[in-house]
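This is what each chain is made of:
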Amino acid sequence: MSPARDTIFALSSGRPPAAIAVVRLSGPRAGEALKALAGKIPEPRRAALARVRDPQSGELIDEALALWFPGPRSETGEDMAELQLHGGRAVVAAVFAALSRIEGLRMAEAGEFTRRAFENGHLDLTAVEGLGDLIYAETEAQRRQAYRQLKGLLGDRAETWRKRLIEALALVEARIDFADEADVPEDLVGPALKIAAELAAEMAAALAGAARGERLRDGLVVAIAGPPNAGKSTLLNRIARREAAIVSPVAGTTRDVIEVHLDLGGYPITVLDTAGIRDSDDPVEQEGVRRARERAQQADLILWVEDAAASSAQADAAIRATPSWIIRNKVDLISKNKNEILRHESGLSNIEFSLSATTGEGFEPFLAHLARHAAEFFGTEPALISRERHRKALENARQALARAIAEGERGREDIIAEELRLAAQTLGRLTGRVDVEDILDVIFRDFCIGK
Ligand SMILES: Nc1nc2c(ncn2[C@@H]2O[C@H](COP(=O)(O)OP(=O)(O)OP(=O)(O)O)[C@@H](O)[C@H]2O)c(=O)[nH]1
Ligand SMILES: [Mg+2]
């Protein structure tokens, strides 16, 4: 850390006007600035009531709670100060103006507090990512996963793996360096490869849950598809509990894909409404159908909606490849009797629901099933891997271990050592221990100012 480092400040709470505005400072001059504005430095980590004044004019700005967190036992590892002001725009503006006039102080950039915490070793990179996810978490499942990530779910595991790898590497290097000496045991490479095999298996297990973890950040994608006029948009609106899509008796109403994000039983779900699939001469509708097919194919689940009264339309070949449920809509239009028969005829091969998107009949059991499906998809245990960056790093490390193992006990020791070193380095990059300048900007770019 350079001694000439700027002291940064920012509004860490939400946009004013609000009940309270939290202004934080971090850096070598945080204490001096706090004294200049609040007139005193409170006891460490104890809130104290303070009159906040403009140090130049002496004018009273506001009354606030002041806190003092001397480094290194602070969030960033530097001296930190915090003012909890009344959350008015003019209050914040006046405090910012006063702070800006103090030499060595400047406004923080997005994520700069967290970046300092990382640089001072208070958080590893996976924890930084977890913190970012926690701020953006919208559902319980996302919050749970983000919090566990912040607390080292992956970071601690990666660090344990890296340490064991270094032990394995030390064995192979001992074998290389002291090969000719009599008191070095013959078999050092065997135990090293045994460690490598154990680690590779643990990494493979973590990778198996990757899709689930990465999906949790975006949501399970459910596409509503089917023939025109079947009531797809009506179903979307009922799931979303608002008029998200236009409904009309004209076949071919929906053209663009409409996306709705919702929290279903604590799990994030993205529901897509798509254009009714049919052959059309209208180029706009053709494009809508093309988009419908494309998005449906990429979805995790398709709800294939049909008009229960109409003769059954067959799902597209392309779409049939994706797991799908059949929704027989508009059951309000057919007699109970017919409904029973339809149910019977449909057989057991597919999950089917008969419902009315208009009246809501049969809708609750369907929604409950969808919520259960999401719960099963995501599972209750947070996945170790929640990003592509994690997945790629673990995949690379696992492959390096596989190459070391393939080289075998009779193989070249220098190659084995090189692969183990590579795997350890990859894990070091994952947690940010080594050589990560290039990825830092990408990670901190997504942060808000004041965090
Ligand atoms: N009686 C009855 N009518 C329904 C039901 N669901 C939808 N409708 C009607 O069916 C018509 C078409 O509904 P939409 O939701 O626009 O159908 P869509 O599948 O989105 O149609 P496109 O976007 O053209 O492909 C509208 O007049 C709806 O009011 C239902 O459950 N019962
Ligand atoms: Mg529609």
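Here the focus is the overall build of the protein. Counting its secondary structure elements, the protein contains 16 helices and twelve strands. A compact globule built from 451 residues would reach a C-alpha radius of gyration of about 22 Å, whereas the protein, at 30 Å, exceeds it by more than 25%. Counting every position in the protein, which comprises 451 residues, the buried fraction comes to 48%. When contacts within the protein are restricted to residue pairs at least 6 apart in sequence, long-range pairs at least 24 apart make up 64% of them. Accessible surface for the protein amounts to roughly 22300 Å². Of this, 51% is attributable to carbon and sulfur atoms.

All right, on to the site of ligand 1 then. The full set close to ligand 1 counts 23 residues, and Lys232, Thr234, Gly252, Thr253 and Thr358 are the nearest of them. Thr234 is positioned with one of its side-chain polar atoms (N or O) 2.5 Å from an oxygen atom of ligand 1. Taking Gly276, its main chain carries an N or O atom lying 3.2 Å from an oxygen atom of ligand 1. Among the elements that make up the shell around ligand 1, the one with the highest residue count is helix H9 (residues 232-240) (three residues). Partitioning the shell around ligand 1 into residue classes produces eight nonpolar, twelve polar and three charged.

Before going further, it helps to examine the domain arrangement of the protein. Partitioning the protein into domains gives domain 1 (7-108), domain 2 (126-209 + 385-445) and domain 3 (216-378). Summarising the inter-unit geometry, the C-alpha centres of domain 1 and domain 3 are found 53 Å apart.

Glancing now at helix H13 (residues 363-378). Its 16 residues give H13 an end-to-end C-alpha distance of 23 Å, which sits within 8% of 22 Å, the value for a rise of 1.5 Å per residue. Within H13, the full set of buried residues consists of Phe363, Phe366, Leu367, Leu370, Ala374 and Phe378. The buried residues of H13 occupy one face: seen down the axis, they fall within an arc of 100 degrees. Summarising the geometry of H13, the exposed residues directed more than 90 degrees from the buried face are Glu364, Pro365 and Glu376.

Moving on to the sheet that holds strand E12 (residues 351-354). The mixed open sheet is built from six strands, whose spatial order is E8-E9-E7-E10-E11-E12. Because the sheet does not close on itself, it has two edges, and the strands there are strand E8 (258-264) and E12. Neighbouring strand axes in the sheet, compared pairwise and without regard to direction, differ in orientation by 25 degrees on average. Here E8 runs beside strand E9 (residues 267-273); their pairing, made up of seven bridges, is antiparallel. Note on E9: the bridge partner recorded for Val260 is Val271.

One key point about sheets: their strands pair by backbone hydrogen bonds, in either a parallel or an antiparallel sense. With respect to topology, six strands assemble into an open sheet ordered E3-E4-E5-E2-E1-E6, the strand pairing being mixed. Either end of the sheet is taken by a strand with one partner, and the two such strands are strand E3 (48-53) and strand E6 (105-107). Within this sheet the neighbouring strands show an average axis-to-axis angle of 30 degrees, counted without direction. Contacts between helix H1 (residues 30-38) and the sheet are confined to strand E1 (7-11), strand E2 (18-26), E3, strand E4 (60-69), strand E5 (80-87) and E6, with E3 contributing the most and set at about 75 degrees to the helix. Against the sheet, helix H3 (residues 112-119) makes contact with E1, E2, E5 and E6, and its axis sits at roughly 135 degrees relative to E1, the strand it touches most.

Here we take up unusual backbone geometry. In this structure, the amide linkage connecting Pro16 to the following residue, Pro17, adopts the cis form with an omega of 0 degrees. Mapped onto the elements of the fold, Pro17 is located in the loop between E1 and E2. In this structure, the amide linkage connecting Gly71 to the following residue, Pro72, adopts the cis form with an omega of 0 degrees. As for its position among the elements, Pro72 is in the loop between E4 and E5. Its identity as a non-glycine residue notwithstanding, Asn229 has a phi of 70 degrees, on the positive side. With respect to the secondary-structure elements, Asn229 resides in the loop between strand E7 (220-225) and H9. Assessed through its relative accessible area of 33%, Asn229 is described here as partly exposed. In this model, Lys330 sits at a positive phi of 65 degrees, which is unusual for a non-glycine residue.

Cut-offs applied
- Residues numbered from 1 in each chain as written.
- Chains lettered and ligands numbered in written order.
- Predicted model: local features only at pLDDT ≥ 70, side-chain atom pairs only at ≥ 80, totals over all residues.
- Heavy atoms only, no water.
- Helix = DSSP H or I, 4+ residues; strand = E, 2+ residues; numbered from the N terminus.
- Rg over C-alpha atoms; globule rule 2.2 N^0.38 Å.
- Buried < 20%, exposed > 50% of the residue type's maximum accessible area, 1.4 Å probe, protein only.
- Contact = heavy atoms within 4.5 Å.
- Areas by Shrake-Rupley, 256 points an atom, 1.4 Å probe, with all protein chains shown as cover.
- Near = heavy atom within 4 Å.
- Polar contact = N/O pair within 3.5 Å; in protein donor to acceptor, adjacent residues only side chain to side chain.
- Nonpolar A, V, L, I, M, F, W, Y, C, P; charged D, E, K, R; others polar.
- Domains from an automatic or database assignment.
- Expected span 1.5 Å × (residues − 1).
- Arc of directions from axis to C-beta.
- Pairing = 2+ DSSP bridges.
- Axes fitted to C-alpha atoms, helices over the stretch in contact; angles between N-to-C directions.

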